[in-house]
Amino acid sequence: VQLVESGGGLVQPGGSLRLSCAASGFTFSRYTMSWYRQAPGKERELVATISSDVSSTTYADSVKGRFTISRDNGKSTVYLQMNSLKPEDTALYYCRTWYRNYWGQGTQVTVSS
């Protein structure tokens, strides 16, 4: 199983980024996927979750209305569209599959002027 995140970077407050997580090694379309983040000195936080059939999405209160999780089962990829970014969104962002609890290596998002 591999989960490879990409799309992180440095962005100014108010800006946008789109993270991607490409999955392989399991039947992607059968499993719920989630995005987490961890800022320095803080615990890992669940950001968003999407069900296997896209019928259900959930978000942390801190990102509701700004972030959107989506997936393309044909491409075995899950996305996190992040808008109106704030400095407090700075963190290492990870994707996770609920298939045996595999995690990616993370992609860094830094929001700073």
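Everything numeric in this text was worked out from a predicted model, so none of it was measured.

Undergrad: Please explain the side chain of Arg66 as it appears in this structure.
TA: As for its position among the elements, Arg66 is in the loop between strand S6 (57-59) and strand S7 (67-72). By relative accessible area, Arg66 is classed as buried at 10%. Beyond its immediate stretch of four places on either side in the chain, Arg66 contacts Gln81, Met82, Asn83, Ser84, Leu85, Lys86 and Asp89.

Undergrad: Quick question: what am I supposed to make of unusual backbone geometry here?
TA: What you tend to see is this: most non-glycine residues have negative phi, and most peptide bonds are trans. Non-glycine residue Ser76 carries a positive phi angle of around 50°. Looking at where Ser76 falls in the secondary structure, it is placed in the loop between S7 and strand S8 (77-82). The phi dihedral of Asn101 falls on the positive side, at around 60°, and the residue is not glycine. When you line up the elements, Asn101 lands in the loop between strand S9 (91-97) and strand S10 (102-103). Under the relative-accessibility criterion, Asn101 is labelled partly exposed at 41%.

Undergrad: Just to check I follow, could you spell out the pairing of strand S3 (residues 17-24) for this structure?
TA: Consecutive side chains along a regular strand alternate between the two faces of the sheet. Note that strand S1 (residues 2-6) and S3 share 5 bridges and pair antiparallel. Within S3, the position partnered with Leu3 by the bridge is Ala23. For S3 and S8, the ladder comprises 6 bridges, and the chain directions are antiparallel. Residue pairing in the sheet places Arg18 in a bridge with Gln81 of S8.

Undergrad: How should the state of the cysteines be read in this particular structure?
TA: What makes a disulfide is a covalent bond joining the sulfur atoms belonging to two cysteines. Summed over all chains, the structure comprises 1 disulfide. One disulfide bridge connects Cys21 with Cys95, the sulfur atoms lying 1.9 Å from each other. Looking down the S-S bond of the Cys21 and Cys95 bridge, the torsion is 45°, so its handedness is right-handed. With a gap of 74 residues between them, Cys21 in strand S3 and Cys95 in strand S9 connect regions that are remote in the sequence. Classification of Cys21 as buried rests on a relative accessible area of 0%. With relative accessibility at 0%, the residue Cys95 sits in the buried group.

What counts and what doesn't
- Chains are numbered independently. Their residues run from 1 in the order of the written sequence.
- Since the coordinates come from a predicted model, pLDDT governs what is reported: local features require at least 70, and pairs of side-chain atoms require 80 or more to be given and counted, while whole-chain, interface and lining totals use all residues.
- In computing side-chain values, all of the structure's heavy atoms are included and hydrogens and water are not.
- Working definition: helices are DSSP H or I runs of at least four residues, strands are E runs of at least two. Numbering for both runs from the N terminus.
- For the exposure calls, accessible area comes from a 1.4 Å probe over protein chains only, and a residue counts as buried if that area is under 20% of its type's maximum, exposed if over 50%, partly exposed in between.
- In this description, contact between two residues means that some pair of their heavy atoms is separated by no more than 4.5 Å.
- Pairing between two strands is assigned when DSSP locates at least 2 bridges connecting them.
- Only a pair of cysteine sulfur atoms within 2.5 Å counts as a disulfide in this structure description.

Taken by themselves, the reported measurements are silent on function.
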